[in-house]
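# Summary of the model geometry
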Amino acid sequence: MSTYRDLAHRGAARGTVLRTVGTRERRSHLTAPRVPTVGIDIGGTKVMAGVVDADGNILEKLRTETPDKSKSPKVVEDTIVELVLDLSDRHDVHAVGIGAAGWVDADRARVLFAPHLAWRNEPLRDALQGRLAVPVMVDNDANTAAWAEWRFGAGRGEDHLVMITLGTGIGGAILEDGQVKRGKYGVAGEFGHMQVVPGGHRCPCGNRGCWEQYSSGNALVREARELAAADSPVAYEIIERVKGNIPEITGPLITELAREGDAMCVELLQDIGQWLGVGIANLAAALDPSCFVIGGGVSAADDLLIGPARDAFRRHLTGRGYRPEARITRAQLGPEAGMVGAADLARLVARRFRRANRRRVERYERYERYAQALRNGTSGRAARTPEDPPS
């Protein structure tokens, strides 16, 4: 897969490298090696892997369903390894970036908690690094999506950006002055688990009333299925479309029917959008960014969702009418944003690891020249060539 495969010292070197990446992201991406890397986006329903070049272009992409969350975490790791090895058969992979739907620690080594997967304090980076034999970077999937949108998409030119990803749940990320803000313990930006309705719907995280229970793909599908199960007259169109098989009602189907003018589906997206706008107004009061980028699968509804969100945002914004309003825009990179961002962040790790490896090789070559000089009966000093730096 690459020349890194035979480096026995790779674990310690990569651990040191990863600890230095966060504080130098802004300037490092400009000089990162222009080599292909693999980005992995792990969500509640899918694992997507792609080879991405230095300009954010996807050279090849693979997708598979997320293994059942009731299984061992190793099952998900096996899926990731299979995808990377498959891609590496056709591409020279220099590093792998993982965007995981969960809380990742400050060292970007462990997934502390994943509401939609069976990961609890899971040492994902080390587990994958030992099997893939290339540098591995692990981050929250919303952080990687925000990075991609700032580098290549809707957030270009913004110094204060908040990313909100609407998928199975809600993810979030904060990017200021070209650096992802991960917080002291690495778990900043988990906006989806802000409580907005005390005692509300139960969330997989264990609490009630989390924001993602009212503005996410799960919330959208739950409301549609409840209306269909109640045999509501407004749900006749969607019931007919799935031939009465209510579990077949999905977010993309709701969006499709809404675009066709189905009143119930339009209303459901408006409800989700209004809750989205309320949450964004709260975030604006706390963070005051210049731009909110809305990504994730549910954002495919575009103005059916974002239009109501903008309206609700203006109604609930603290100090409305007397302060600048943040721009609210749909992500440009679509569902591939997390994958592209993970690959781009991994490129920074590849750069530092390549430097460390180059220094190691140079030291080894100097030692070999010195040893050869001793075998030939000359002194180490005499054997040193002018271009050799001192040991």
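Starting from 1, residues in each chain are numbered consecutively following that chain's sequence as written. Note on the predicted model: pLDDT of at least 70 is required for a residue's local features to be given, and 80 or more for side-chain atom pairs to be given and counted; whole-chain, interface and lining totals, by contrast, use all residues. Side-chain metrics in this entry use all non-hydrogen atoms of the structure; hydrogen atoms and water are not considered.

### What about the overall build of the protein chain?
- By the criteria applied, helices consist of DSSP H or I runs no shorter than four residues and strands consist of E runs no shorter than two, each listed in order from the N terminus. Looking only at helices and strands, the protein chain has 12 helices and 13 strands in total.
- Across the 391 residues that make up the protein chain, the buried fraction comes to 54%.
- Within the protein chain, counting contacts between residues at least 6 apart in sequence, those at least 24 apart form 67% of the total. Three exposure classes are used, based on accessible area relative to the maximum for each residue type with a 1.4 Å probe and protein chains only: buried under 20%, partly exposed in between, and exposed over 50%. Contacts are assigned to residue pairs with any non-hydrogen atoms lying within 4.5 Å of each other.

### Considerations on helix H5 (residues 141-152)
- Each helix should span, by expectation, one fewer than its residue count multiplied by 1.5 Å. Across its 12 residues, H5 extends 16 Å between first and last C-alpha, which sits within 8% of the 16 Å expected from 1.5 Å per residue.
- Counted residue by residue, H5 has 12 buried out of 12 residues, so it is predominantly covered.
- Pairing of N or O atoms within 3.5 Å defines a polar contact, subject to two protein rules: one partner must be a possible hydrogen donor and the other a possible acceptor, and residues neighboring in sequence count only if both atoms are side-chain atoms. Where H5 begins, one side-chain oxygen reaches toward the backbone nitrogen of Ala 142, 2.8 Å away; that side chain belongs to Asn 140.

### Section: unusual backbone geometry
- The phi dihedral of Ala 133 is positive, around 60°, even though this residue is not glycine.
- In this fold, Ala 133 is placed in the loop between helix H4 (124-132) and strand E8 (136-140).
- With phi around 55°, Lys 243 is a residue other than glycine that occupies positive phi space.
- Counting through the fold element by element, Lys 243 comes out in the loop between helix H7 (236-241) and helix H8 (251-259).

### Structural notes on the side chain of Asp 344
- Of note, Asp 344 is situated in helix H11 (residues 337-375).
- Polar contacts involving the side chain of Asp 344 include one to the side chain of Arg 347, which spans 2.8 Å.
- Non-local contacts of Asp 344, meaning those with residues more than four positions away in its chain, are made with Thr 37, Ala 54, Trp 147, Arg 151 and Phe 152.

### As for the packing of aromatic side chains
- Centres within 6.5 Å make a pair out of two Phe, Tyr or Trp rings, where for Trp the six-membered ring is used; the pair is then stacked when the planes are under 30 degrees apart, edge-to-face when over 60, and tilted otherwise. In total, this model carries 4 aromatic pairs according to the counting rule given.
- With centroids separated by 5.0 Å and ring planes inclined at 40°, the aromatic side chains of Tyr 214 and Trp 275 adopt a geometry described as tilted. Of this pair, Tyr 214 sits in the loop between strand E11 (179-180) and helix H6 (217-229) while Trp 275 sits in helix H9 (residues 263-287), and the two are 61 residues apart along the sequence.
- Aromatic side chains Phe 292 and Phe 313 sit 6.2 Å apart centroid to centroid with 65° between the ring planes, which places their arrangement in the edge-to-face category. Placement of Phe 292 in strand E12 (residues 291-295) and of Phe 313 in helix H10 (residues 303-316) is noted, with a sequence separation of 21 residues between them.
- With relative accessibility at 2%, the residue Phe 313 sits in the buried group.

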